[in-house]
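Reading the structure
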Amino acid sequence: MITYTKLNDPKEYRSHLTETETLLRSADEKFSVSYRDKIRHTFVDSTKIVWDKEVDRIDPIDQVIVEEIARSKYLTAVQIQAWMMLRGIWGDRQELYDRMGRLVKTRIIQEKTITEPQSFDLRFYELDYWGYQLSLKKGIVFHRGNHYLSYKTQCENDCVATPADAKRILQGNQIALGLLAGGAESKRFGLMETMRPETGERFHHDCILRTTANVKVDEASVLAYEVVRNTDESYEKLADKVERYDLLLQNKKYLQSNYHGDLVYPQLIICGESLGHNIKIANYLESRGIWSEEDPVLFTDDRLNRNDPLRSIYAIREGKKIRRYALPGIEKSGLLKRSLFLSD
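Quick look at the structure, then. All values derive from a computational prediction rather than experimental measurement.

Rules behind the numbers
- Residues numbered from 1 in each chain as written.
- Predicted model: local features only at pLDDT ≥ 70, side-chain atom pairs only at ≥ 80, totals over all residues.
- Heavy atoms only, no water.
- Helix = DSSP H or I, 4+ residues; strand = E, 2+ residues; numbered from the N terminus.
- Buried < 20%, exposed > 50% of the residue type's maximum accessible area, 1.4 Å probe, protein only.
- Contact = heavy atoms within 4.5 Å.
- Areas by Shrake-Rupley, 256 points an atom, 1.4 Å probe, with all protein chains shown as cover.
- Core = buried A, V, L, I, M, F, W, Y, C linked by side-chain atoms within 4.5 Å.
- Pairing = 2+ DSSP bridges.
- Right-handed = clockwise from strand over helix to strand, strands pointing away.
- Phe/Tyr/Trp six-rings, centres within 6.5 Å; stacked < 30°, edge-to-face > 60°.
- Lys NZ or Arg CZ within 6 Å of the ring centre and 35° of its normal.

A few words on the overall build of the protein. Looking only at helices and strands, the protein features 11 helices and 14 strands. In the protein, which comprises 344 residues, the proportion classed as buried is 54%. Nonlocal contacts in the protein, meaning residues at least 24 apart in sequence, comprise 71% of its contacts between residues at least 6 apart. Total accessible area on the protein stands at roughly 16500 Å², and carbon and sulfur atoms take up 49% of it.

Now the structure itself:
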C-alpha cells in the first residue's frame, strides 16, 4: 500500500484559497498541444558548483519548492507559487524566480522550455541531481510516475519527455490545484500514481491503472483523472487505459485490498483540451467498442478546470448531450488564514 505524506493531504493546502484561485485563473498558461511544440533543456555547467557551499544556502522555502516539484514531477513557476500559497507561503513573484534561478544553477532543479513559434514559450521545472538527493533525505515518496532521471540518462535511454507528455502532467497539476483552491472537499490527492489490487497474490498486469491525477473526495467517491492531449499517439494510449480501467472494475479483489486502501472503485474522468476534443475522444472510444453505458467514463476539460473547478465534470450522453456534475465544497471563510512570507 502506498505511503502518504503531508504532500498528499488536502488539509495542508488550505491557506489563501481565494488568492490562489485568482492566480490560477489570471495566469496565461495553456496546456493544449501543437505539432510545432519543441522542448529546450537549459544546460548548467556543473563543474563550477561547489556543493558544500551551496547546501548551506538552502533554506526552508527552497525545501518547499523542491518538495512540490518532487511530488508533482513537472511544474511551471505559477504552479509552484500556487502550491506554496496553498501551504501558507506568500511572497513576491520576482523573488521566487530569483530563488528558482539559483536552484537551477546549482543543479537542484532542471529548467525546460516548450517553444511554439506562434505562441508564448512555456517554462517548467523538474528535479535535478541534488534536488533528488535532498528529496530522498526528506522522505519524499518516489514511484514510476514521478521517478528521477538525469537529463543525460533520459537522452541515453531515449525517454526524454515530449511536449505532450509534459503538458499532460502540467494539466494534471492544474486539476489538483484548481480543486484545492476552489475548496473541494477531499481526503487525499496524488499525481501520476497507480490504482491496482493488492491481495498478496500475483495480479494481472492489465489491472494496473496509472492516471495523471487522483482525488479521494470521501469514502464513497474516488476520482481518477486521465489527461489526454490532442495528438495521434494519445488516442491509442487512452484506449489501452480505458481497457485497463474496465478490467479493474471487473476485479472483485480490488475492494478487498488495493494500493490506496479505498473501499470503492475509482471513477475515471478524462480531461481533454476542450469540449470539442472530448466529443472527438468519445467518438473514438465508441468506434473502438470500449464505450460502456453501464460504467460510463466522465469528462472534464482545461477551460472548465480553470474557471469552474467544482462544476467541471460532465457526462457526454447519447446524442452528445452534456450533463454537468458538481463536487462538494468546504466553507472557505472558516479556514485558517496563516501566512509565511518568502522574505521581509
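Phi is positive for Lys-73, close to 80°, though the residue is something other than glycine. Assignment of secondary structure puts Lys-73 in the loop between α3 (60-72) and α4 (77-86). With phi around 60°, Arg-107 is a residue other than glycine that occupies positive phi space. The residue Arg-107 is located in the loop between α5 (93-105) and β3 (109-115) in this model.

Take the nonpolar core next. Note that soluble globular proteins tend to have their nonpolar side chains buried in a common cluster. Of all hydrophobic cores here, the largest spans 56 residues; its most connected members are Ile-80, Trp-83 and Tyr-225. In terms of residue count, the dominant contributor to this core is α4 (eight residues). With residues near it in sequence (within four places) discarded, Ile-80 still touches Ile-65, Ile-69, Leu-75, Leu-96, Met-100 and Tyr-125. With 25 residues, the next largest nonpolar core counts Leu-209, Ile-270, Tyr-284 and Ile-290 among its residues.

Burial analysis of strand β10 (residues 267-272) places five of its six residues in the buried class, the great majority of the element. Of the strand pairs in this sheet, strand β9 (residues 221-227) and β10 are connected by five bridges, and their pairing is parallel. The residue of β10 that forms the bridge with Ala-224 is Leu-268. Running through helix α9 (residues 232-250), the crossover from β9 to the neighbouring parallel element β10 is right-handed. Pairing of β10 with strand β11 (residues 298-301) involves four bridges; the strand directions are parallel. Across the sheet, the residue bridging to Ile-270 is Phe-299, located in β11.

Below, the discussion takes up the packing of aromatic side chains. If you walk through the whole model with that rule in mind, you get 11 aromatic pairs. Ring centres of Tyr-13 and Trp-83 lie 5.3 Å apart, and the angle between their planes is 75°; this geometry places the pair in the edge-to-face category. Taken as a pair, Tyr-13 in the segment before α1 (17-26) and Trp-83 in helix α4 lie far apart in primary sequence, 70 residues in all. In terms of burial, Tyr-13 and Trp-83 fall into one category: buried. Relative to Trp-130, the ring of Tyr-129 lies with its centre 4.9 Å away and its plane at 80°, an arrangement referred to as edge-to-face. Judged by relative accessible area, Tyr-129 falls into the partly exposed class, the value being 33%. Of the residues examined, Trp-130 reaches a relative accessible area of 25% and is grouped as partly exposed. By the ring-pair criterion, three or more aromatic residues cluster together here, those being Tyr-13, Trp-83 and Phe-189. The lysine or arginine in question, Arg-71, covers the ring of Trp-83, its NZ or CZ lying 4.3 Å from the ring centre.

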